[in-house]
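# Secondary and tertiary structure notes
Here is what each chain is made of, one letter per residue.
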Amino acid sequence: MSSRRSEFDIEGYRREMRKLIGEGPATEVFWRALDFSLEAHGSQQRRSGDPYIVHPCNVARILAEELDIHNVEILAAALLHDTVEDVDYVDAPLIREKFGANVEAIVEGCTKVTHYTGDKQSFKKMVHRKIFSGAAAMPEVILVKLADRLHNLRTLASMPKHKQQRVADETLDIYAPMATILGLFAIKREMYNLALAYKFPRQGNKLQAKINKLKNDPRVLAIVDKLREALKADNITSQASVRTKGLWGYYDPRNRILIKEIESPQEILLLVSSRKACYEALGTLNKIYPPIPRTIRDFIANPKPSGYQGLHARANIDGKKYLFKIRTREMARRAQRGLVRYWTIEGKKRGRFVTGLQEMFDILGSDESVSYRDMIAAGGRKEIYTYTPQGDLVCLPVHSIALDFAFSVHTAIGHTCIAAMVGNRRVAPEQVLKDGDVVKIIRQSTPVEFDPDIQKLCQTPRARSELAKTFRERNKAVSRVIGESVLQQEMKRYGLPWEIVDRDGMREVLDHFGLADLQDLYLEVGQGTVRLRDLIGRIKSSLYTGYETLQSPTGVFNRVKLATVDPVVVKSSACCKPTPLDKGIFGLLSERGLSLHRKDCTRLQKIMFQREEAVDVRWDLKETRVAKPQKVIIFAAKRQRLFMLLSVAPSEMKIIDIIALTNRPNTTPAWEVNFSVPNLYELKKVFKHLDRSELPYEFVLEQ
């Protein structure tokens, strides 16, 4: 044992943990993990000079002491969470062998990605997505990561300034909001306070001095004294105190700044003996400090999704707003523990809230098109309370839309939502809801093909997760068709008969690429993730040995014919803005869909790609539905000429409205014409008609 090891009182630590979790066979896995971690980390030291073992031991202690997590497998994983990453001889199979599958899954979820050679930003995203993927399978991962981050923040002073800034940024973007989502308010506040002190050292010091003065504000102390006397007079046993908001209360996460003033810098907390006494105390409070209308919140009858309970009331006293929170001691204790008070590793039914969390982690870990910062921030926002027509409560993050409500009621209702009734008004699925709205969802019999943009408006993890799944499936369905067509053409170019893909030897080809079946192969080809050259070479060597084949083609693109302009699949590049009506459209194959460019696009010329990675794209004009209304800007047309032109337009062009874009007499007239057509064939007829007029116009297809 090194001389530095003596600085950590391991026996004192054992005594503390025995008080928290006990001894005996039920806790044996924890004590074995402690011995293993001590040996594995050996003489490793932290930058502060402390033995490294101090860190994992403190992570386990935070979980047990501050979060009341006494599940020994979670605590064992906390002790071991850095071993796979930092100790050469320790790997995931060894953890599984010694401590079981659950401990291994949590440790693996906490372990950073290794052997990565890309840029730092991509590496950081990959690390986070790995954590989220682990938390989707085992939500316990996020508990260990939160305790890990809290201890790192508490000991951050020994780190260089650039690392302090990085850890602070990451905490403010991910870990502190995540603690909010889980209802771990004590940890949330401490994380924000510590991170903000490092992020904004000068401004933070000034604000902290102001906060310290507020703590002794005689006005708020007088309010508390008056409340105590009134409660005593009504024979209500209580304990009243003031909580002055720390730096966390002054942080604006949307703009990532500290603000100088907030509306309610202080809260008055009232602890009473029972649930009944909470309502009695509210009556006393209302008598001496009448509440601001519609500000009383009953989180006892309607707990927050995280399980938080209490009564909230706001009052305007001498021109300042104060928030009063009334709860029992047990409610107060649970408020600091949030969801984790129910946590067990055995996977008992944990309710819709944990399922929602797992859905959120799943999408955060798997869908790169989603900003995990935005999604976590949305999950941690204040709630609004909405209701079904039957009076059932649906609690949603602020700024939620009708589609969030639909998915919160049931996933099938979300997928078939075409509109909603809010009160007696019919609104679109993207309508933002307000607190107290009564919402009835209007459905169709088949799933709706939602526009990808609506996902950004959704605030709930469930809605975003379900939409992401449907977008992926829509993409995959078209990618498989593209992949099969491209492979068929490529084999023909090499003189390989298509029938050979049905031979037994194809299994060897699929195994080589790690694919289950031909459908998976078509998908990979259609998304450009399996290189055609490698695939053709493998097919020749496995299924067509001994036969002559043609020379490899050069410069000739495979062709695909589409019957969709679904933006989930078909993405017009911003550089040349191609439309399906243009000639010479190329599509670059990718996992996110076909990226379309005009043949003469200057940006396309600069992109380094192989012949097999692009396709010549055509459309079946009559079969390709145009679902959205379209818009064309027509220039240099006087009113009479424009209306004459539109009056003899193809009959399938249904005019929605015409908007004059200039109304000054000396300017060239310009008009926005909004219209609908059933398919690309009719759209092409419309533009042939406009071309004959020789009027200049601009058009970008609304997909």
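Residues numbered from 1 in each chain as written. Predicted model: local features only at pLDDT ≥ 70, side-chain atom pairs only at ≥ 80, totals over all residues. Heavy atoms only, no water.

### Focus on the overall build of the chain
In terms of regular secondary structure, the chain is built from 27 helices and 21 strands. The 703 residues of the chain split such that 50% are buried. Nonlocal contacts in the chain, meaning residues at least 24 apart in sequence, comprise 68% of its contacts between residues at least 6 apart. Element-wise, carbon and sulfur atoms account for 49% of the exposed surface of the chain, whose accessible area totals about 35,000 Å². (Helix = DSSP H or I, 4+ residues; strand = E, 2+ residues; numbered from the N terminus. Buried < 20%, exposed > 50% of the residue type's maximum accessible area, 1.4 Å probe, protein only. Contact = heavy atoms within 4.5 Å. Areas by Shrake-Rupley, 256 points an atom, 1.4 Å probe, with all protein chains shown as cover.)

### Some words on the packing of aromatic side chains
Per the counting criterion, the structure on display carries 12 aromatic pairs. A ring pair is formed by Trp498 and Tyr522, whose centres lie 6.3 Å apart and whose planes are at 25°; its orientation type is stacked. With Trp498 in the loop between α21 (461–493) and α22 (506–512) and Tyr522 in helix α23 (residues 518–526), the pair connects residues that are 24 residues apart, well separated along the chain. Its relative accessible area of 5% is what places Tyr522 among the buried residues. For the ring pair Phe687 and Tyr697, a centre distance of 5.4 Å and an interplane angle of 35° mean the geometry is tilted. (Phe/Tyr/Trp six-rings, centres within 6.5 Å; stacked < 30°, edge-to-face > 60°.)

### Digging into the side chain of Asp404
Tracing the sequence through the fold places Asp404 in helix α18 (residues 402–409). There is a polar contact of 2.7 Å between the side chain of Asp404 and the side chain of Thr460. In this structure, Asp404 is in contact with Leu396, Leu457, Cys458, Gln459, Thr460 and Ala463, ignoring residues within four places of it in sequence. (Polar contact = N/O pair within 3.5 Å; in protein donor to acceptor, adjacent residues only side chain to side chain.)

### Some words on helix α24 (residues 532–543)
In a regular helix each residue adds 1.5 Å, so 12 residues correspond to 16 Å; α24 covers 16 Å between its end C-alpha atoms and thus fits that length. What α24 keeps buried is the set Leu532, Leu535, Ile536, Ile539, Ser542 and Leu543. Projected onto a plane normal to the axis of α24, the buried residues spread over an arc of 140° and lie on a single side. In this fold, the buried residues of α24 make contact with α21, α22, α23 and β13 (558–562). (Expected span 1.5 Å × (residues − 1). Arc of directions from axis to C-beta.)

### Notes on the sheet that holds strand β20 (residues 670–676)
Taken in spatial order, the 4 strands make up an open sheet running β19-β20-β18-β21, and their pairing is antiparallel. Either end of the sheet is taken by a strand with one partner, and the two such strands are β19 (654–660) and β21 (697–699). When strand polarity is set aside, the average angle formed by the axes of neighbouring strands in this sheet is 20°. Of the strand pairs in this sheet, strand β18 (residues 630–635) and β20 are connected by 6 bridges, and their pairing is antiparallel. Note on β20: the bridge partner recorded for Phe635 is Ala670. (Pairing = 2+ DSSP bridges. Axes fitted to C-alpha atoms, helices over the stretch in contact; angles between N-to-C directions.)

### Some points on unusual backbone geometry
Positive phi values are uncommon outside glycine, yet Asp68 reaches one of about 60°. Note on placement: Asp68 falls in the loop between α3 (54–66) and α4 (72–80). Look at Asp68 and you get partly exposed, because its relative accessible area is 24%. Its identity is not glycine, yet Asp318 carries a phi of approximately 55°, on the positive side. Tracing the sequence through the fold places Asp318 in the loop between β6 (311–317) and β7 (320–328).

### Description of the sheet that holds strand β11 (residues 425–427)
The antiparallel open sheet is built from 3 strands, whose spatial order is β11-β10-β12. For this open sheet the edge positions go to β11 and β12 (439–443), each flanked by a neighbour on one side alone. Each neighbouring strand pair of the sheet contributes to a mean axis angle of 30°, computed without reference to strand direction. Sheet topology places strand β10 (residues 417–422) next to β11; 3 bridges connect them, and they run antiparallel. What sits directly across from Met421, in β11, is Arg426. In the packing of α18 onto the sheet, the strands contacted are β10 and β12, and the crossing angle to β12 comes to about 85°.

### A few points about the confidence of the model for the chain
Low pLDDT means the predicted coordinates in that region are not meant to be read closely. Averaged over every residue, the pLDDT of the chain is 85; residues scoring 70 or more account for 88%. When the elements of the chain are averaged for pLDDT, helix α17 (residues 372–379) gives the smallest value, 61, and β10 the largest, 96. Under a pLDDT of 50 for its full length, residues 1–6 has, in the predicted model, 10 contacts with residues more than four places off or in other chains. Below a pLDDT of 50 lies the segment residues 344–349, which in the model reaches 12 contacts outside its immediate sequence neighbourhood of four places, other chains included. (pLDDT = per-residue confidence, 0-100.)

### So, the pattern of salt bridges
A side chain with one charge may pair with a side chain of the opposite charge, provided their charged atoms come close. Enumeration according to the criterion identifies 35 salt bridges in this entry. Between Arg256 and Asp173 there is a salt bridge, with its nearest N and O atoms 3.6 Å apart. In this pair, Arg256 is assigned in the loop between β2 (251–252) and β3 (257–258) and Asp173 in helix α10 (residues 161–181), connecting sequence segments 83 residues apart. A residue is classified by how much of its surface remains accessible, and Asp173, at 11% relative accessible area, is buried. Salt bridges here are not isolated pairs; linked through shared partners, they connect Arg243, Lys245, Glu267 and Lys325. (Salt bridge = Lys/Arg side-chain N within 4 Å of Asp/Glu carboxyl O.)

### Observations regarding the packing of α18 against α21
Contact pair α18 / α21: the axes reach a minimum separation of 8 Å and the direction vectors enclose 90°. Relative to α21, the element α18 is oriented roughly perpendicular. In contact with Leu403, Asp404, Phe407 and Ser408 of α18, α21 contributes Arg462, Ala463, Glu466 and Leu467. Its residues assigned to classes, the contact of α18 with α21 comprises 4 nonpolar, 1 polar and 3 charged. (Parallel < 35°, antiparallel > 145°, perpendicular 65-115°, else oblique. Nonpolar A, V, L, I, M, F, W, Y, C, P; charged D, E, K, R; others polar.)

### Considerations on the nonpolar core
Ranked by internal contacts, the top residues of the largest apolar core, which has 82 residues, are Ile539 and Trp619. At 8 residues, α21 tops the list of elements feeding residues into this core. Every residue in contact with Ile539, bar those within four places of it in the chain, is listed here: Leu487, Met491, Leu496, Ile500, Met506, Val509 and Tyr544. (Core = buried A, V, L, I, M, F, W, Y, C linked by side-chain atoms within 4.5 Å.)

### Structural notes on α3
Along its 13 residues, α3 runs 17 Å from first to last C-alpha, staying within 8% of the 18 Å computed at 1.5 Å per residue. All of the buried residues in α3 are Val54, His55, Pro56, Cys57, Asn58, Val59, Ala60, Arg61, Ile62, Leu63 and Ala64. At its buried positions, α3 is contacted by α1 (10–21), α2 (28–41), α4 and α9 (140–154). A positive backbone phi angle near 60° is found at Asp68, which sits one or two residues after α3.

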